[in-house]
Amino acid sequence: MKKITSYQVYPQIPESLAFLETLSRNLWWCWTPDAIELFRRIDPHLWSKAKHNPLAFLTYIEQDRLNALAEDRSFLSNLNKVKSEFQERVITCKDPQKTPFGKEGCIAYFSMEFGIHESLPIFAGGLGVLAGDHLKAASVNDIPLIGLGLMYRYGYFRQYLNQDGWQQEDYPQTNLFHLPMEKVKGNDGQDLIISIPAPNHPIRFQTWKLQVGRVSLLLMDTYISENTNEIKEITNRLYAAEHNTRLTQEIVLGIGGMKLLEAMGINPSVVHLNEGHCAFVNLERISQVMQKEHVDLKTAMEIVPRTTVFTTHTPVPAGHDKFSPELLAPYFNVYSELFGLPVEQIIRWGQEKDEQQHEPFCMSLFALRMAQFCNGVSELHGKVARHMWTHIWPSRADEEVPIGHVTNGIHVSSVLSPELVMLFERHLGPQWYLASQLKENMARVDDIFEEDLWRAHELSRSRLIRSVREHMSYQYGRRNASRRVMRAVESVLDQDALTIGFSRRYATYKRGNLIFRDLERLNAIVNNKDHPVQFVFAGKAHPKDHEGKEVIRQLIHYAEQERFRHKIVFLEDYDMHTARLMVQGCDIWLNNPRRPMEACGTSGMKAAVNGVLNLSILDGWWCEGFTDDRGWRIGNGEEYHDPDYQDAVESQALYNVLENDVVPCYYDRKPGGIPNQWVYKMRESIKMAMADFCNLRMVREYTERFYVPAHQRMQTLRENQWAEAKQLAVQHQRYLQHWQHIHIEPPTCSSRGPFKVNDTFNVTTVVHLGQLTPDEVEVQLYYGLLHGADDLCEGHETPMIVAEDRGDGAYIYRCDIICDGSGQYGFTVRAVPQYDEWLRFQPHLLTWVN
Ligand SMILES: *Cc1c(COP(=O)(O)O)cnc(C)c1O
């Protein structure tokens, strides 16, 4: 084969349309309804053919069409409207001096995947969409954030099914020319190439830069000629199954990402690790801090965790990435030298127990130990995560494990149906999405006419059904289906029937087949003469997950039974486009995972904001969202030991809710009329999603609770040549050296009671601090309601004060207790470091009375 040099030809864009080019090169367009409309109206057919990718689209348009548009006054007026919005929302930024981050502040956000738009296939599912939405909201809120990820040339797989319903995977190559990105250049004007030391050959990569509104996204790519073939392929596919590939991907993301930022002269004051995949960031960041700031390892290890945010997403222990020490060691050699530590000791940072040398290195554990700001992604998931990691803080109760939660949110303008966009603009004003959480704006949702809301939803539903029919014709056409089947497929589903959507990853715990557990009951529901029900399913199984694929296969076989043929469909190749159609056009969004395995589940929020009602197990976000006004629950948040029994109980509960509540509510209307009770719930659901599950709220929470405090901490640590950081390192060593000698004698009470509310008594105890002083140690009275004989639930702490220095390191501590409520109480005494949060939560610096 000859070596081919490729070149791309773009149309001549007339002067007056020049902005189209700018617009197509900033992903801002993909969440701006007016911008999408601008492209679409040029040629709806080609827009759809280009799969909503503006760069591909522009190459399809005839020069004549562009010339005509250049004279089209109505088009130009829309273009100018979008242009001025672009100016305001993208080009204009806040004066950095007036923000908490100042001129220098910057948050580096690392993620293995980013789901921004279907034309940029570098994501698999919820985690990626969340990360993409995070960038969008950071742009809207004008937060100085920069995203780092990998450029996968073959992305995540495209799904299709064979005749038998068995999932097949296809990895088409992404056309890089059609992505709005540019290579990052070095000072010499050449492509910036970064090199990571590795066992045989260094791993080199180039970087692509994309604009997501005001925020930049950097995507690292090892497919360059300088690399060996094996290394070139590292960034080929998202979630490679092969262990070594997976490891090298995470090395490129974490270590490479930090090296890249350094080479670009970007010095983030805060780092956010989205899931454990990116935890290697910490190693390289520590070494950069040591070299750039001329501090030792111990000091660097006081700086990095205090400015790191870690978000965990996985409630299942097996779901966390782990690597064997043998695989890791060669990559850690450099750090061993830089840090002056044996490799085994660095590996221990990610191992559960100190003694076991061969235990795998857990990425999440490493991240957890290196980040002061840790969070789960819903209230329930925060609780599950605290319980899962409680063994790392063995002396603390679950509720004291330092992992909080920030409930995920969705980027509303990316998923809201065009019909609702119009209603919102009319009733809430053109910038509704900026002020969506304001109370008065929420009240305006009540002003939307019932009839308008319902008709808007009906339009979305009919759009869904039209697309399903096209999609099904395509699917069956490819499988060479008979003419009879093809004809049937063209009229599948009913425009007016209650439509239930279910689309998620086909992991077994999500139970994509729960509804099929009792086929007779399902049949009675689906084929009810007056009140028919239909289902749209979609979703991929992980390529290695044979059980998940089996669930899809079964589903296809059920759906092909004569009685379900017209009523139950499965759409292949679920992606952001299908997701939008479904969360806009279904009536019910079904979710039936095994609690508590769904960490959050953002698709339900997307449905809710479109007035699609959730019918779900009380798991993930729905525990926070559910009320009777907003949708339905299956069960009552029970957890089970026997999965088969659980399925039996919960499937029956599901049929019951459908038959008794959902179906009657939907069909409760006069002929041609509107289901008033249903529309009332739609409205409540929309208000809930806008107010509580919009990701502008989420990003604001991350900013206020984590980014700003971490950035400010960086500023104080940095003062006077890192004086405080150095001091902390010394202090930390003192604690490690002397903590074990702290001894607390059993406390005594001034009275044994019983007490009445508002009585007070005092507690005293002798504490031997050894070499440490009362300034360094906080002795706390820890008290609360007793559960059982010696279980203190939700204990409170209150500092005790030194009443007397007994000499020789022994002190009498004392404090008063006010009896502020009746019940059976207990108390005990403990000691923690008298220092900042990071030191106070060090797992081994905690001593109880003994
Ligand atoms: C929102 C979204 C998800 C995440 O949905 P879950 O509720 O977590 O299953 C997955 N894939 C796509 C394409 C999405 O848009």
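The structure presented is a predicted model; accordingly, all values stated were derived computationally and were not measured.

A.B. asks: Which parts of the structure should I look at to understand the overall build of the chain?
C.D. replies: For the chain, the count of helices and strands is 29 helices and 30 strands. Since a compact globule built from 850 residues should have a radius of gyration of about 29 Å, the 29 Å found for the chain is in line with a globular shape. Dimensions of the chain, computed from the C-alpha atoms along their principal axes, are close to 95 × 70 × 50 Å. With 850 residues in all, the chain has 57% of them scored as buried.

A.B. asks: Can you help me understand the pairing of strand β28 (residues 810–818) in this one?
C.D. replies: Along a regular strand, successive side chains alternate from one face of the sheet to the other. Across nine bridges, strand β23 (residues 760–768) lies against β28 in antiparallel orientation. Bridge pairing in β28 links valine 767 to tyrosine 811. In terms of strand pairing, strand β27 (residues 801–807) meets β28 through five bridges, oriented antiparallel. The residue of β28 that forms the bridge with aspartate 805 is tyrosine 811.

A.B. asks: When you look at the sheet that holds strand β20 (residues 631–634) in this model, what are you seeing that I'm missing?
C.D. replies: By definition, the strands of a sheet pair up through backbone hydrogen bonds, in either a parallel or an antiparallel sense. In space, the six strands of this open sheet follow the order β17-β16-β15-β18-β19-β20, with parallel pairing throughout. Unpaired on one side and paired on the other, β17 (568–571) and β20 mark the two borders of the sheet. On average, adjacent strands in this sheet sit at an angle of 20° to one another, irrespective of strand direction. One ladder, built from four bridges, connects strand β18 (residues 588–591) with strand β19 (residues 613–617); its direction is parallel. Residue pairing in the sheet places asparagine 591 in a bridge with serine 616 of β19. Sheet strands in contact with helix α23 (residues 576–585) are β15 (498–503), β16 (533–538), β17 and β18, and its direction is about 145° off that of β15.

A.B. asks: Teacher, can you tell me more about helix α10 (residues 281–293) here?
C.D. replies: One turn of an α-helix holds 3.6 residues; hence residues three or four places apart share an orientation. Counted at 1.5 Å a residue, the expected span for α10 with its 13 residues is 18 Å, and the 17 Å between its end C-alpha atoms agrees. Summarising burial for α10: 10 of the 13 residues are buried, a large majority.

A.B. asks: Would you explain a negative patch on the surface in this entry?
C.D. replies: Together, Glu399, Asp790, Asp791 and Glu794 make up a negatively charged patch on the protein surface. Of note, aspartate 791 is situated in strand β25 (residues 791–792). Judged by relative accessible area, aspartate 791 falls into the partly exposed class, the value being 41%.

A.B. asks: Is there a simple way to explain the side chain of aspartate 587 in this structure?
C.D. replies: Counting through the fold element by element, aspartate 587 comes out in the loop between α23 and β18. Among the residues examined, aspartate 587 registers a relative accessible area of 0% and is labelled buried. Within the local environment of aspartate 587, its side chain forms a polar contact with the side chain of arginine 461, the two groups lying 3.1 Å apart.

A.B. asks: In this structure, what is going on with the site of the ligand? I would like to understand it.
C.D. replies: With respect to spatial proximity, the complete set of residues near the ligand consists of Gly125, Gly126, Val129, Arg504, Tyr574, Asp575, Met576, Ala579, Gly601, Thr602, Ser603 and Lys606. One of the backbone nitrogen or oxygen atoms of threonine 602 is found 3.3 Å away from an oxygen atom of the ligand. In isolation the ligand has 390 Å² of accessible area, and contact with the protein removes 91% of it. Listed by contribution, the elements that provide at least two residues to the shell around the ligand are α7 (126–140), α23 and α24 (603–609). Here the shell around the ligand is composed, by residue class, of four nonpolar, five polar and three charged.

A.B. asks: Would you mind showing me how to read the packing of α7 against helix α28 (residues 695–738) here?
C.D. replies: Between two packed helices, both the angle of their axes relative to each other and the distance between the axes serve to describe the pair. In the contact formed by α7 and α28, the axes pass within 9 Å of each other and the chain directions differ by 80°. With respect to their mutual orientation, α7 and α28 come out roughly perpendicular. Residues Leu130, Asp133, His134, Ala137, Ala138 and Val140 of α7 touch α28, and the partners they reach there are Asn695, Leu696, Met698, Val699, Tyr702 and Tyr707. In terms of residue class, the contact of α7 with α28 is built from nine nonpolar, two polar and one charged.

A.B. asks: Would you explain the UniProt feature "domain: DUF3417" (unreviewed entry) in the chain in this entry?
C.D. replies: As recorded in UniProt, the sites labelled "domain: DUF3417" (unreviewed entry) are residues 13–120. Spanning residues 13–120, this segment combines 52% helix with 5% strand, and its end C-alpha atoms are found 24 Å apart.

A.B. asks: Explanation requested: the UniProt feature "modified residue: N6-(pyridoxal phosphate)lysine" (unreviewed entry) in the chain in the structure shown.
C.D. replies: UniProt feature "modified residue: N6-(pyridoxal phosphate)lysine" (unreviewed entry): in the numbering of this structure it lies at Lys606. Along the chain, lysine 606 turns up in helix α24. On the basis of relative accessible area, lysine 606 is assigned to the buried category, the value being 11%. For lysine 606, the residues in contact, after removing those within four places along its chain, are Val129, Ile410, Val415 and Val583.

A.B. asks: Sorry if this is basic, but what is going on with the nonpolar core here?
C.D. replies: Across soluble globular proteins, nonpolar side chains have a tendency to be buried as a group. Membership of the largest hydrophobic core comes to 250 residues, with the highest contact counts inside it found for Trp678 and Tyr707. If one sorts the elements of this core by residue count, α28 sits on top with 14 residues. Apart from residues no more than four positions distant in its own chain, tyrosine 707 is found in contact with Phe101, Ile107, Tyr109, His134, Ile143, Leu145, Val270, His272, Val309 and Tyr702. Among the nonpolar cores identified, the runner-up in size contains 23 residues, and Met486, Leu571, Tyr574 and Met582 belong to it.

A.B. asks: Help me understand the environment of arginine 73 in this model?
C.D. replies: Relative to the assigned elements, arginine 73 resides in helix α6 (residues 73–91). Looking at arginine 73, the relative accessible area reads 75%, which means it is exposed. Between the alpha carbons of arginine 73 and proline 14 there is a distance of 14 Å; along the sequence they are 59 residues apart.

A.B. asks: What am I meant to see in the pairing of strand β1 (residues 107–111) here?
C.D. replies: A large share of β1 lies buried, amounting to five of its five residues. Here β1 shows two buried faces, one formed by Ile107, Tyr109 and Ser111 and the other by Ala108 and Phe110. As defined by bridge partners, β1 adjoins strand β9 (residues 270–274) across five bridges and the pair is classed as parallel. Note on β9: the bridge partner recorded for tyrosine 109 is histidine 272. When β1 meets strand β2 (residues 145–150), the two strands line up parallel, connected through four bridges. Within β2, the position partnered with phenylalanine 110 by the bridge is leucine 148.

A.B. asks: How should the packing of aromatic side chains be read in this particular structure?
C.D. replies: Working definition: an aromatic ring pair is given by the centre-to-centre distance plus the angle between the planes. A full pass over the atoms with the stated rule returns 40 aromatic pairs. With a centroid separation of 5.4 Å and an interplanar angle of 70°, the aromatic rings of phenylalanine 19 and phenylalanine 86 are classed as edge-to-face. Of this pair, phenylalanine 19 sits in helix α1 (residues 18–24) while phenylalanine 86 sits in helix α6, and the two are 67 residues apart along the sequence. Three or more aromatic residues joined by ring pairs make a cluster, and in this case those are Phe280, Phe332, Tyr335, Phe339, Trp349, Phe361 and Phe366. The lysine or arginine in question, arginine 237, covers the ring of tyrosine 171, its NZ or CZ lying 3.6 Å from the ring centre. The ring centre of phenylalanine 157 lies 5.0 Å from the NZ or CZ of lysine 540, which sits over that ring.

A.B. asks: Any chance you could explain the pattern of salt bridges here in plain terms?
C.D. replies: Proximity of charged atoms lets side chains of opposite charge pair with each other. Across all of its chains, the model carries 51 salt bridges by this definition. The partner of glutamate 284 in a salt bridge is lysine 259, with the nearest N and O atoms 3.6 Å apart. Of this pair, glutamate 284 sits in helix α10 while lysine 259 sits in helix α9 (residues 243–263); the two residues are 25 residues apart in sequence, bridging distant segments of the chain. Exposure class is identical for glutamate 284 and lysine 259. Each is buried. Connected through shared salt-bridge partners, Glu302, Arg306, Arg713, Glu724 and Asp836 make up one network.

A.B. asks: Got a minute to help me understand the domain arrangement of the chain in this structure?
C.D. replies: Interfaces are frequently sized by the accessible area removed from exposure as the parts join. What the domain assignment reports for the chain is domain 1 (15–91), domain 2 (96–155 + 169–408 + 703–722), domain 3 (415–693) and domain 4 (742–848). The C-alpha centroid of domain 3 is placed 32 Å from the C-alpha centroid of domain 1. The partner domain 3 presents six residues to the five residues of domain 1 that form the contact. Approximately 410 Å² of surface area, both sides summed, lies buried where domain 1 meets domain 3, with 46% of it carried by carbon and sulfur atoms. When the area that domain 1 buries against domain 3 is broken down by residue, the three leading residues are Pro33, His52 and Arg89, summing to 73%.

A.B. asks: Would you mind going over unusual backbone geometry with me for this structure?
C.D. replies: Leaving glycine aside, a negative phi is the common case for residues, and trans is the common case for peptide bonds. Residue arginine 595 is joined to proline 596 through a cis peptide bond whose omega torsion reads 0°. Inspection of the secondary structure assignment puts proline 596 in the loop between β18 and α24. Note that the residue after glycine 753, namely proline 754, is joined by a cis bond; omega there is 0°. Topologically, proline 754 is positioned in the loop between β22 (748–749) and β23. You will see that asparagine 720, though not glycine, has its phi angle at about 45°, which is positive. Mapped onto the elements of the fold, asparagine 720 is located in helix α28. A positive phi angle, near 65°, is found at tryptophan 722, a position not held by glycine. Along the chain, tryptophan 722 turns up in helix α28.

Definitions and cut-offs
- Here, residues in each chain are numbered from 1, in the same order as that chain's written sequence.
- In view of the model being predicted, local features appear only for residues whose pLDDT reaches at least 70, and side-chain atom pairs are presented and counted only at 80 or more, with totals across whole chains, interfaces and linings using the full set of residues.
- The side-chain figures draw on all heavy atoms in the structure; neither hydrogens nor water molecules are used.
- Only DSSP runs of H or I with at least four residues qualify as helices, and only runs of E with at least two residues qualify as strands; both kinds are numbered from the N terminus onward.
- With C-alpha atoms as the basis for the radius of gyration, the globule rule is written as 2.2 Å multiplied by the number of residues raised to the power 0.38.
- Residue burial is assigned from relative accessible area. The probe radius is 1.4 Å, only protein chains are included, and a residue is buried under 20% of its type maximum, exposed over 50%, and partly exposed in between.
- For two strands to be treated as a pair, DSSP must find no fewer than two bridges joining them.
- To get an axis, fit a line to the C-alpha atoms, keeping to the stretch in contact for a helix; angles then go from 0 to 180 degrees between the N-to-C directions.
- Pairs of residues are marked as contacts when any of their non-hydrogen atoms sit within 4.5 Å.
- In this analysis, the expected span of each helix is defined as 1.5 Å times one less than the number of residues it contains.
- The patches reported here contain residues having more than 30% relative accessible area and no salt bridge. Joining distances are 9 Å for like charges and 5 Å for nonpolar side chains (Val, Leu, Ile, Met, Phe, Trp, Tyr).
- A 1.4 Å probe and the Shrake-Rupley method give the accessible areas. Residues count as covered only by the protein chains that appear here.
- One speaks of a salt bridge when a side-chain nitrogen belonging to Lys or Arg is within 4 Å of a carboxyl oxygen belonging to Asp or Glu.
- Residues scored as positive are Lys and Arg, those scored as negative are Asp and Glu, and His as well as the terminal groups of each chain are ignored.
- By convention, the charge on Lys lies at NZ, on Arg at CZ, on Asp at CG and on Glu at CD.
- The definition of a polar contact used here is a pair of N or O atoms within 3.5 Å, where within protein one atom must be able to donate a hydrogen and the other to accept one, and adjacent residues in sequence count solely through side-chain atom pairs.
- Throughout, near means a residue has at least one heavy atom within 4 Å of the molecule or strand.
- Charged means Asp, Glu, Lys or Arg here, nonpolar means Ala, Val, Leu, Ile, Met, Phe, Trp, Tyr, Cys or Pro, and polar covers whatever is left, Gly included.
- Here is the rule for angles: anything less than 35 degrees is roughly parallel, anything more than 145 is roughly antiparallel, 65 through 115 is roughly perpendicular, and the remaining ranges are oblique.
- UniProt positions are given in the numbering used here, feature names are shortened, and annotations may be inferred rather than shown by experiment.
- Think of a nonpolar core as a cluster: buried Ala, Val, Leu, Ile, Met, Phe, Trp, Tyr and Cys residues, connected wherever their side-chain atoms sit within 4.5 Å.
- Classification of ring pairs rests on two measures: the distance between centres of Phe, Tyr or Trp rings, Trp counted by its six-membered ring, which must be within 6.5 Å, and the angle between planes, read as stacked under 30 degrees, edge-to-face over 60 and tilted in between.
- By definition, being over a ring means that NZ of Lys or CZ of Arg is both within 6 Å of the ring centre and within 35 degrees of the ring normal.
- For every domain, the bounds stem from an assignment made automatically or drawn from a database.
- A quick way to say it: buried area is the sum, across both parts, of accessible area lost when two parts are put together, with a 1.4 Å probe.

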